[in-house]
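What follows is the residue order along each chain.
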Amino acid sequence: MKKGFTLVELIIVLAIIGVFTAVVFGSITTSRSKARDNSRIADMKQIELALVLYYDVNRYYPNASGTNIDALNILVTEKYLPSLPADPQVGNVYEYKRTGNKYCLGVKLEGAIPGDSPEVQTACAGTAGYYWASR
């Protein structure tokens, strides 16, 4: 009697391993995407706090032309932030705009945009697909 596996048994085992690998890889990719989105939202909260501190001292928010995030460099210059946060993925940018005595700060998320502030999303109406914070 011969010992070993048949070709059919080996193919079935390889197929099962392939399915498990695909499931694990898919969940890892989703987890990484959510982690980057959480990092973006945390960065926005850090910038928001610096903007509030800046406003308390100066009674206005930094000037911006259009959606220029570089306007926030003054937060670094005046030591409200150690450095401007960079998006975890190359190519994505944070957007900042000031209108009157209010500001909008936005970032493009990879996942679904949280539905926690639909009025802010409408008020800031900037680049499509961006998550906005405002004050």
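Residues numbered from 1 in each chain as written. Predicted model: local features only at pLDDT ≥ 70, side-chain atom pairs only at ≥ 80, totals over all residues. Heavy atoms only, no water.

Some thoughts on the sheet that holds strand β2 (residues 102-108)
Hydrogen bonding along the main chain pairs the strands of a sheet, whether they run parallel or antiparallel. Reading across from one edge, β1-β2-β3 is the order of the three strands in this open sheet, with antiparallel pairing throughout. The sheet is open, and its two borders are formed by β1 (94-99) and β3 (130-134), each paired with just one other strand. Strand-to-strand twist across the sheet, computed as the mean angle between neighbouring axes with direction ignored, equals 20°. The pairing of β1 with β2 spans six bridges and is classified as antiparallel. Of the residues in β2, the one forming a bridge with Arg98 is Tyr103. Running at roughly 165° to β2, helix α1 (residues 7-58) makes contact with β1, β2 and β3 of the sheet. (Pairing = 2+ DSSP bridges. Helix = DSSP H or I, 4+ residues; strand = E, 2+ residues; numbered from the N terminus. Axes fitted to C-alpha atoms, helices over the stretch in contact; angles between N-to-C directions. Contact = heavy atoms within 4.5 Å.)

Thoughts on the side chain of Arg40
Along the chain, Arg40 turns up in helix α1. With residues up to four places along the chain from it excluded, the contact list for Arg40 reads Asp87, Pro88, Gln89, Asn92, Tyr94, Val107, Lys108, Leu109 and Glu110.

A look at the environment of Asp37
Summarising the element assignment, Asp37 is placed in helix α1. Sequence separation between Asp37 and Glu110 is 73 residues, and the spatial gap between their C-alpha atoms is 6.5 Å.

Remarks on a nonpolar patch on the surface
On the surface, a nonpolar cluster with roughly 410 Å² of combined accessible area is contributed by Val8, Ile12, Ile16 and Phe20. With respect to the secondary-structure elements, Ile16 resides in helix α1. Judged by its relative accessible area of 43%, Ile16 falls in the partly exposed class. (Patch = residues over 30% accessible without salt bridge, like charges linked within 9 Å, V, L, I, M, F, W, Y side chains within 5 Å. Areas by Shrake-Rupley, 256 points an atom, 1.4 Å probe, with all protein chains shown as cover. Salt bridge = Lys/Arg side-chain N within 4 Å of Asp/Glu carboxyl O. Buried < 20%, exposed > 50% of the residue type's maximum accessible area, 1.4 Å probe, protein only.)

Re unusual backbone geometry
Positive phi, normally seen in glycine, also occurs at Arg59, with a value near 65°. Among the secondary structure elements, Arg59 is positioned in the loop between α1 and α2 (73-77). Residue Arg59 is classed as exposed on the basis of its relative accessible area, which comes to 52%. Positive phi outside glycine occurs at Lys79, with the angle close to 70°.

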